[in-house]
Amino acid sequence: MPIDISNAQNIARVLTEALPYIRRFSGKTFVVKYGGNAMKGDDMIQSFARDIVLMKRVGMNPVVVHGGGPQIGGHLEKLGKKSEFIEGMRVTDGETMDVVEMMLGGLVNKAIVAAINQQGGQAVGLTGKDGGLIRAKKLTIKGQDLGQVGEVDSIDPRVVTHLEAGGFIPVIAPVGVGSEGEAYNINADLVAGKLASVLKAEKLMLLTNVMGVKDKEGNVLTGLTVPQVQALIADGTIYGGMLPKIQCALDAVNSGVKTAVIINGELDHSVLLELFTNDGIGTLIKAH
Ligand SMILES: Nc1ncnc2c1ncn2[C@@H]1O[C@H](COP(=O)(O)OP(=O)(O)O)[C@@H](O)[C@H]1O
Ligand SMILES: CC(=O)N[C@@H](CCC(=O)OP(=O)(O)O)C(=O)O
């Protein structure tokens, strides 16, 4: 169970434990992926924003990549459009792409930016189109055409590093741009994983709506290595939306990111509890 920080004794314990981590993480980059499922209402977004601002205030460099799947789905529903998913990816025709860009680059991005600024930070919202951040190419799964669904072709992180150096917190929507200037809808986990690799992040943090990766009995697995994850995928224990999440966590730790962690973003202060307590929370993924 995560530590309860609603009483003074526990807060004191957390503060004492936190100090060495604050020193160790100072100046390091942390890519935090904020999933749409963990953004239910303003209170949850404000609580997330408070953690991000605190990270920045103690000298760390948080980079936020956000999703917004449920928010896109809700708007499509209002328009009378049904969403179809193939292996966790939303089939994206031209009309859907417009909604994706409006929701991710507009409403969702600005809600997070506003919350961070309200909590005393200075956030700047971007999509992958800004500063040439995310070059994308069309993604096909097992020969099926998913429309304007993309994967990351390359990342030019300069806009992010400039913002970091200027004291800003980048907040990135997972929309990429193709060689002809066309927009691509990219799963936010994939963007977060690639960005963490390119930025050589200390940690990739994936915030979702479950306590971590669970085994067949529903117990949260606190630590996993690459071979263990592969076995859980092979026997079907990991499926659906957890698949791209775990895959990008694996890719990140295999390409130089020290650790990746899957945690419950619905939980108050989940980011701080993961970073600054000895036990952490959720599922930690390491290369070995
Ligand atoms: N082994 C597993 N452990 C935990 N969750 C799993 C597992 N396999 C599949 N899932 C599903 O993955 C979901 C998280 O992925 P997703 O809905 O795409 O989240 P997000 O929107 O935060 O990216 C969980 O809500 C759960 O239904
Ligand atoms: C291709 C694809 O599926 N893109 C996602 C992008 C948003 C996302 O990834 O949001 P979550 O992190 O909240 O799931 C989508 O259209 O829903």
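Residues numbered from 1 in each chain as written. Chains lettered and ligands numbered in written order. Predicted model: local features only at pLDDT ≥ 70, side-chain atom pairs only at ≥ 80, totals over all residues.

Asks: Help me understand the packing of helix α2 (residues 42–57) against helix α4 (residues 94–118), please; the structure alone is not making it clear to me.
Replies: A pair of packed helices is captured by two measures, namely the crossing angle of their axes and the spacing between those axes. It is the contact of α2 with α4, at a shortest axis distance of 8 Å, that shows an interaxial angle of 60°. Between α2 and α4, the angle is such that the two are oblique. Pair α2 / α4 crosses with right-handed handedness. Residue-level inspection shows Ile45, Gln46, Ala49, Ile52 and Val53 of α2 in contact with α4, the latter providing Ala111, Ile112, Ala115, Ile116 and Gln118. Its residues assigned to classes, the contact of α2 with α4 shows eight nonpolar, two polar and no charged. (Axes fitted to C-alpha atoms, helices over the stretch in contact; angles between N-to-C directions. Helix = DSSP H or I, 4+ residues; strand = E, 2+ residues; numbered from the N terminus. Parallel < 35°, antiparallel > 145°, perpendicular 65-115°, else oblique. Left-handed = near helix turned anticlockwise from the far one by under 90°. Contact = placed C-beta atoms within 7 Å. Nonpolar A, V, L, I, M, F, W, Y, C, P; charged D, E, K, R; others polar.)

Asks: Help me understand unusual backbone geometry in this model?
Replies: Trans is the prevailing form of peptide bonds, just as negative phi is the prevailing case for residues other than glycine. Here the phi dihedral of Lys142 falls at roughly 45°; this positive angle occurs in a residue that is not glycine. Its place among the elements puts Lys142 in the loop between β6 (134–141) and β7 (144–155). If you check the backbone angles, Lys200 has positive phi at about 50° while not being a glycine. For Lys200, the location among the structural elements is in the loop between α6 (188–198) and β11 (203–208).

Asks: When you look at the site of ligand 2 in this model, what are you seeing that I'm missing?
Replies: As a structural note, the neighbourhood of ligand 2 is formed by 15 residues, with Gly36, Gly67, Gly69, Arg90 and Ala188 the closest of them. Contributions of two or more residues to the shell around ligand 2 are made by α3 (69–78) and β4 (89–90). When the residues that make up the shell around ligand 2 are grouped by side-chain class, the tally is six nonpolar, eight polar and one charged. (Near = placed C-beta within 6 Å.)

Asks: Would you mind going over the environment of Ile169 with me for this structure?
Replies: For Ile169, the location among the structural elements is in strand β8 (residues 169–173). Residue classification places Ile169 among the buried positions, given that 25 C-beta atoms sit within 10 Å. Sequence separation between Ile169 and Gly94 is 75 residues, and the spatial gap between their C-alpha atoms is 31 Å. When residues no more than four places from it in sequence are discounted, the contact partners of Ile169 are Ile52, Lys56, Pro62, Val64, Ile116, Gly121, Gln122 and Ala123. (Buried ≥ 20, exposed ≤ 12 C-beta atoms within 10 Å, placed from the backbone.)

Asks: Got a minute to help me understand the pairing of β6 in this structure?
Replies: Moving residue by residue along a regular strand, the side chains alternate between the two faces of the sheet. The sheet contact formed by β6 and β7 spans seven bridges and is antiparallel. Residue pairing across strands places Ala136 opposite Val152, the latter belonging to β7. (Pairing = 2+ DSSP bridges.)

Asks: Would you explain the site of ligand 1 in this entry?
Replies: Residues in contact with ligand 1 amount to 17 residues; listed here are only the nearest, Gly35, Thr208, Lys214, Gly241 and Met242. Along the lines of polarity and charge, the residues of the shell around ligand 1 split into five nonpolar, 10 polar and two charged.

Asks: Please clarify how α6 should be interpreted in this entry.
Replies: Since the α-helix turns once every 3.6 residues, residues separated by three or four places project in the same direction. Among the 11 residues that make up α6, 10 are buried, leaving the element largely enclosed by the rest of the structure. Of the residues trailing α6, Lys200 is marked for its positive phi of about 50°.

Asks: It is not clear to me how the nonpolar core should be interpreted in this structure. Could you clarify?
Replies: Soluble globular proteins tend to bury their nonpolar side chains together. Judged by nonpolar contacts, the single largest core of 85 residues is most densely connected at Val31, Val64, Ile116, Val191, Ala192, Leu204 and Ala249. Counting residues per element, this core draws most heavily on α4, which supplies nine residues. Discounting chain neighbours no more than four positions away, the residues touching Val191 are Val65, Ile134, Val152, Ile172, Pro174 and Ile186. (Core = buried A, V, L, I, M, F, W, Y, C linked by C-beta atoms within 7 Å.)

Asks: I keep staring at the UniProt feature "binding site: substrate" (unreviewed entry) in the chain and nothing clicks. Help me out?
Replies: Sequence positions flagged by UniProt for "binding site: substrate" (unreviewed entry) are, in local numbering, Gly68, Gly69, Arg90 and Asn185. Sequence-wise these annotated residues cover 118 residues; spatially they are packed, their C-alpha atoms never more than 11.7 Å apart. Within the element layout of this structure, Gly68 appears in the loop between β2 (61–66) and α3. A residue is classified by how many C-beta atoms lie within 10 Å of it, and Gly68, with 27 of them, is buried. Residues in contact with Gly68, not counting those within four places in the same chain, are Gly36, Met103, Leu104 and Val108. Considering the arrangement of structural elements, one finds Gly69 in helix α3. (UniProt positions renumbered as here; feature names shortened; annotations may be inferred.)

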